[in-house]
Amino acid sequence: MTVNELCEKCGFTAVVVPDGDREVTGCYTGDLLSWVMGKAQEDDAWITIMSNINVVAVASLSDTACVILAEDVILDDSTIKAAQEKGINIISTPLSAYQVAKFLSTVI
């Protein structure tokens, strides 16, 4: 499933999606950035409530397919701009991280 399909099928909101055709093959949930860097897999959807610029760096280093911001987390404009520049897909949902992971387990 692609990031665009994930948004459409799951009702997630695209915050910044420069590469919507990127395939999502799994998911990882975590907010401790150093842990995510070591554990998230390439092409995972990374579910988090973190909202600072470091999310873009970690997503880039981990090569995740997208970042899913749970619980309606909002990014500032500079983080959105950095994500666009680095080609990092970021989407949002009002669901909790648990609800997102549970839902993704049925569609990915």
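Each value, and the rule that gives it
- Residues numbered from 1 in each chain as written.
- Predicted model: local features only at pLDDT ≥ 70, side-chain atom pairs only at ≥ 80, totals over all residues.
- Heavy atoms only, no water.
- Helix = DSSP H or I, 4+ residues; strand = E, 2+ residues; numbered from the N terminus.
- Rg over C-alpha atoms; globule rule 2.2 N^0.38 Å.
- Buried < 20%, exposed > 50% of the residue type's maximum accessible area, 1.4 Å probe, protein only.
- Contact = heavy atoms within 4.5 Å.
- Areas by Shrake-Rupley, 256 points an atom, 1.4 Å probe, with all protein chains shown as cover.
- Lys, Arg positive; Asp, Glu negative; His and termini not counted.
- Charge placed at Lys NZ, Arg CZ, Asp CG, Glu CD.
- Core = buried A, V, L, I, M, F, W, Y, C linked by side-chain atoms within 4.5 Å.
- Axes fitted to C-alpha atoms, helices over the stretch in contact; angles between N-to-C directions.
- Parallel < 35°, antiparallel > 145°, perpendicular 65-115°, else oblique.
- Left-handed = near helix turned anticlockwise from the far one by under 90°.
- Nonpolar A, V, L, I, M, F, W, Y, C, P; charged D, E, K, R; others polar.

A. Representation of the overall build of the protein chain within the structure. Of the regular secondary structure elements, the protein chain holds five helices and five strands. Reading the helices (α) and strands (β) of the protein chain from amino to carboxyl end gives α-β-β-α-β-α-β-α-β-α. Taken over the C-alpha trace, the protein chain has a radius of gyration of 12 Å; the compact-globule value for 108 residues is 13 Å, and the two agree within 12%. Once the C-alpha set of the protein chain is aligned to its principal axes, its extents read approximately 30 × 25 × 25 Å. Taking all 108 residues of the protein chain together, the buried fraction comes to 44%. Considering only contacts in the protein chain between residues 6 or more positions apart, those separated by 24 or more positions represent 47%. Looking at the protein chain as shown, the accessible area adds up to about 5,500 Å², and 50% of this sits on carbon and sulfur atoms. Within the protein chain, the 15 negative side-chain charges are centred at a point lying 4 Å from the centre of the 6 positive side-chain charges.

B. Region of interest: the nonpolar core. One finds Trp-46, Val-67, Ile-88 and Ile-90 to be the most contacted residues of the largest nonpolar core, which totals 18 residues. Of all the secondary-structure elements, those providing two or more residues to this core are helix H2 (33-39), helix H3 (54-62), strand S4 (66-69) and helix H4 (77-86). Other than its neighbours up to four places away in sequence, Ile-88 contacts Val-16, Pro-18, Val-56, Ala-59, Ser-60, Val-67 and Ala-83. Ala-45, Ile-47, Ala-65 and Ile-68 belong to the second-largest nonpolar core, a separate cluster that totals 16 residues.

C. The packing of helix H1 (residues 3-10) against helix H5 (residues 97-107), seen in detail. Where H1 contacts H5, the two axes come as close as 12 Å, and the packing angle between them is 110°. With respect to their mutual orientation, H1 and H5 come out roughly perpendicular. In the crossing of H1 with H5, the sense of the turn from one axis to the other is right-handed. Mapping the contact onto sequence places Leu-6, Lys-9 and Cys-10 in H1 and Phe-103, Leu-104 and Val-107 in H5. Residues of the contact of H1 with H5, tallied by class, amount to five nonpolar, no polar and one charged.

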